[in-house]
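# Chain and residue survey
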There are 2 protein chains.
Amino acid sequence: MKELDFIDYLSKRHKIKKPVIRGIGDDCAILEYTKEKYMLFTCDMIIEGTHFSAKARPFQIGWKAMACNISDIAAMGGVPKYALVSVGVPRNRNMGFLKCIAEGVEALCRRFDVIVIGGDTNSSVKTVLNVTLIGEVEKRHVITRSGAKPGDLIFVTGALGEGKNKHLSFLPRLKEARILAKNFRISSMIDLSDGLAMDMNRLARASGVGARIYKSLIPLSEESEPVDKAISSGEDFELLFTASKDEARKIIMRMGKKGDLPVTLIGEVVERSLGVKLIGENGQLKPLRPKGYAHL
Amino acid sequence: MKELDFIDYLSKRHKIKKPVIRGIGDDCAILEYTKEKYMLFTCDMIIEGTHFSAKARPFQIGWKAMACNISDIAAMGGVPKYALVSVGVPRNRNMGFLKCIAEGVEALCRRFDVIVIGGDTNSSVKTVLNVTLIGEVEKRHVITRSGAKPGDLIFVTGALGEGKNKHLSFLPRLKEARILAKNFRISSMIDLSDGLAMDMNRLARASGVGARIYKSLIPLSEESEPVDKAISSGEDFELLFTASKDEARKIIMRMGKKGDLPVTLIGEVVERSLGVKLIGENGQLKPLRPKGYAHL
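Here the residue index of a chain counts from 1 through its sequence in written order. Working convention: letters from A go to chains and numbers from 1 go to ligands, in the order in which they are written. Selection of residues for local features in this predicted model requires a pLDDT of at least 70, selection of side-chain atom pairs for listing and counting requires 80 or more, and totals for whole chains, interfaces and linings are taken over all residues. Here the side-chain values reflect all heavy atoms present in the structure, with hydrogen atoms and water set aside.

## Examining the packing of aromatic side chains
Residues and elements named next belong to chain A. Stacked, edge-to-face and tilted labels apply to pairs of Phe, Tyr and Trp rings (six-membered ring for Trp) whose centres lie within 6.5 Å, assigned for plane angles under 30 degrees, over 60, and everything in between, in that order. Under the definition given, this model contains seven aromatic pairs over all chains. Ring geometry for Phe 155 against Phe 241: centres 5.2 Å apart, planes inclined by 10°, an arrangement best described as stacked. You can see Phe 155 sitting in strand β7 (residues 153-157) and its partner Phe 241 sitting in strand β10 (residues 239-243), a full 86 residues away along the chain. The class for Phe 155 is buried, based on a relative accessible area of 0%. For the exposure calls, accessible area comes from a 1.4 Å probe over protein chains only, and a residue counts as buried if that area is under 20% of its type's maximum, exposed if over 50%, partly exposed in between. With a relative accessible area of 0%, Phe 241 lands in the buried category. Its guanidinium or amino end placed over the ring of Phe 97, Arg 93 lies 4.0 Å from that ring's centre, counting from NZ or CZ. Helix numbering and strand numbering both begin at the N terminus, where a helix is a DSSP run of H or I of at least 4 residues and a strand a DSSP run of E of at least 2. To sit over a ring, a charge needs its Lys NZ or Arg CZ within 6 Å of the ring centre and within 35 degrees of the ring normal.

The following block contains the structure:
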């Protein structure tokens, strides 16, 4: 069973009705909250042997579990607020191990002003950590995967291709996401957890559109894998987003002026019937296939 | 590191301020929500080899993970509303295995009108399931661990001593908890996840009181272990609660009249300095020591 099948299985059995605005199928669930705000919910489980090796430092395990979730809140334009942290660790691990996991969690909590409001501790054969993160977003600023329109331009933050090196220590793009959400009309956004190919397809499917990505425009980090591999590699945790051409112009101007918004234009949104395609250096089109990181 | 140490470690680093009413340290965290209601948050992780054996039916694994969490919401007097479900399963398990876990989750969702709003699926060496459950409770009905007063009487729902047989299939005491919350002034409540001895001590510590439990009054189920063992055995998932003598009288009257509230009076709350004690058949007192189920 692929990941999507299990999530689909659950989501099909749950008719969404108010106060739930959006259930399974975006980076976060959305719930009616105050007059001006929605509440956001997301969870991520990371497991030894799947998301990190037995040699990973416990601080990094805690950091990563929080960072993945903050990235999901960022992708909706929101601000993280409260976390519930469940942990399973082998009996033979000492107290310092568990404390270092907690310190990794804490480091990001302090940085982004998140409060841990619940927890559960267990023994386990392999180390496993689950974080559920609750956030808030102004109703007028919320961003989903499903608002992209043909003609919109496609951007990505930062540079891709180094998830393998940075996945245990990356800083989620919360600051950038909030700048985008508060200052521009972002038509859709998703975080790149499973690679550009996979996540571009998710965004396109959720929006009912197609896309053209220009291979030569994809920003690669210094120690990136080759571009063809970088497209399919997961755990970049950069943000992929779309905006109308008018808004795109403003975003680019702001980027040049303030220098606090490292984004790159990589393509455009097209009609759904045109599919999701990668345009090579010599202009040929090929499908941008989701061969990305799949956990199952 | 014992469970409490890790949770304490996290909680000490988080100053609770509004809208958080209560963070770590009760069955659920409490958050300001609407004018009339609080929002409740709880999470539980269950792991193969710790909380269930490799032979457990996947339906039961899903059921148990949901049931533990519903029990925590019940202990606050609340109603469960939304769930986020993270799962890790071995790669060699087939699609049916994952589907049966989902069906176990679903069965309780249908019964208690819970919507799954988020999920995460992963591969894992051992099966692991984390549920975060979000609930609501009317502000005037919320019950915590910390309101017991000397002179209050102590009750328990149902019968104890069969957690070992029923922990994969128990029905959380949500209905009973709501009857209690809506019709009576319950001064404190906790669910018996780790055994009467452990959880009575937790409630007493949170309330700053002592307790006398009459051994001969403890209700045991038909296939219970001997009482001394039953006191320390976890996973009964019954509710332990306190009420003033006046309210206790009303509870007992209602129980006799309607038959929908199986509760038993087992003791009384005393001054903290008198400790938490078990009174034997011949009247001798001994400490009710928390030797209960500890996951780490």
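## Topic: empty space enclosed by the protein
Lining residues are defined by having an atom within 4 Å of a point belonging to a cavity or pocket. Those points lie on a 1 Å grid over the protein atoms alone, cavities being sets where a 1.4 Å probe fits but cannot get out and pockets being open sets with protein on both sides within 12 Å along at least five of seven lines. Grid points are joined across faces, edges and corners, and a volume is the space filled by probe spheres set on the points. One pass over the full model with this rule turns up one cavity of 30 Å³ or more. Approximately 40 Å³ is the volume found for the largest cavity. What lines the largest cavity is simply Ile 47, Ser 124, Lys 126 and Val 128 of chain A together with Ile 47, Ser 124, Lys 126, Thr 127 and Val 128 of chain B. Throughout this entry, Asp, Glu, Lys and Arg are counted as charged residues, while Ala, Val, Leu, Ile, Met, Phe, Trp, Tyr, Cys and Pro are counted as nonpolar. The remaining residues, Gly among them, count as polar. The class makeup of the residues in the lining of the largest cavity is four nonpolar, three polar and two charged.

## Details of the interface of chain A and chain B
Contacts are assigned to residue pairs that have any heavy atoms within 4.5 Å of one another. The partner chain B presents 62 residues to the 62 residues of chain A that form the contact. Throughout, buried area stands for the accessible area (probe radius 1.4 Å) lost by two parts on being put together, summed over both. Interface of chain A and chain B: buried area, both sides summed, is about 5700 Å²; carbon and sulfur atoms make up 71% of it. Just to be clear on terms, a salt bridge is a Lys or Arg side-chain nitrogen sitting within 4 Å of an Asp or Glu carboxyl oxygen. Summed over the shared surface of chain A and chain B, the result is zero salt bridges. Elements with a minimum of two residues in the side of chain A that touches chain B: α1 (3-12), β2 (29-32), β3 (37-47), β4 (79-89), α3 (95-112), β5 (115-123) and β6 (128-138) of chain A. No other element matches the nine residues that β5 of chain A contributes to the side of chain A that touches chain B. Residue classes in the side of chain A that touches chain B are distributed as 35 nonpolar, 16 polar and eleven charged.

## A look at the relation of the copies chain A and chain B
Residues below a pLDDT of 70 in either copy are left out; the C-alpha atoms of the rest, at least 70 in both, set the least-squares superposition of the copies. Relative to chain B, chain A is turned by 180° and slid 0.0 Å along the rotation axis, the superposed coordinates differing by an RMSD of 0.0 Å. Taken together, the rotation and translation relating the two chain copies correspond to the operation of a two-fold axis. Both copies contact each other with a shared surface, as 100% of the interface residues of chain A are interface residues in chain B too.

## Focus on the pairing of strand β4 (residues 79-89) of chain B
Residue and element names in this part refer to chain B. The element β4 is extensively covered by neighbouring structure, given that nine of its eleven residues are classed as buried. Inspection of the sheet shows β4 paired to strand β6 (residues 128-138) by nine bridges, in the antiparallel sense. Note that in β6 the partner of Tyr 82 across the bridge is Ile 134. DSSP calls a pair of strands paired once it identifies at least 2 bridges connecting them. Pairing of β4 with strand β5 (residues 115-123), which is carried by eight bridges, proceeds in the parallel orientation. Its bridge partner being in β5, Gly 88 is matched across the sheet by Asn 122. Handedness of a crossover is defined as follows: orient the strands so they point away from the viewer, and if the path from the first strand over the helix to the second runs clockwise, the crossover is right-handed. Each parallel crossover has a hand, and for β4 linked through helix α3 (residues 95-112) to β5 it is right-handed.

## Considerations on the sheet that holds strand β1 (residues 20-22) of chain B
All names here are of chain B. Spatial strand order, β1-β2-β3-β6-β4-β5: six strands in an open sheet with mixed pairing. If you trace the sheet from one side to the other, it starts and ends with β1 and β5, each paired once. Geometrically, the sheet is characterised by an average inter-axis angle of 20° between neighbouring strands, direction not taken into account. Direction of pairing for strand β3 (residues 37-47) relative to β6: antiparallel, over a ladder of eleven bridges. Across the sheet, the residue bridging to Met 45 is Asn 130, located in β6. For helices, the fitted axis covers only the stretch in contact; all axes are lines through C-alpha atoms, and the angles between them, taken along N-to-C directions, range from 0 to 180 degrees. Sitting on the sheet, helix α2 (residues 58-75) touches β3, β4 and β6, and the angle it makes with β6 is about 30°. Running over the sheet, α3 touches β4, β5 and β6 and is turned about 175° from β4.

## Considering the domain arrangement of chain A
Residues and elements named next belong to chain A. Residue ranges for the domains originate in an automatic or database domain assignment. What the domain assignment reports for chain A is domain 1 (3-140) and domain 2 (143-287). Centre-to-centre, using C-alpha coordinates, domain 1 lies 23 Å away from domain 2. Of the residues lining the interface, 29 residues belong to domain 1; the matching set on domain 2 comes to 22 residues. Where domain 1 abuts domain 2, roughly 2200 Å² becomes buried across the two surfaces, and 57% of that area is made up of carbon and sulfur atoms. Summed over the shared surface of domain 1 and domain 2, the result is four salt bridges. For Arg 145, the salt bridge is made with Asp 27, and the minimal N-O distance between the two is 3.3 Å. Counting of polar contacts relies on pairs of N or O atoms within 3.5 Å, with two restrictions inside protein: one atom must be capable of donating a hydrogen and the other of accepting it, and residues adjacent in sequence are counted only when both atoms are side-chain atoms. Seen at the junction of domain 1 and domain 2, the total is ten residue pairs in polar contact (both at pLDDT 80 or more). Of all elements in the fold, only α2 (58-75), β4, α3 and β6 reach the threshold of two or more residues within the side of domain 1 that touches domain 2.

## A closer look at the pattern of salt bridges
All names here are of chain A. According to the stated counting rule, one finds 40 salt bridges over all chains in the structure shown. The partner of Asp 260 in a salt bridge is Arg 254, and the shortest N-O contact between them spans 2.7 Å. A residue is classified by how much of its surface remains accessible, and Arg 254, at 16% relative accessible area, is buried. Put simply, Arg 22, Asp 26, Asp 27 and Arg 145 are held in one network by salt bridges that share partners.

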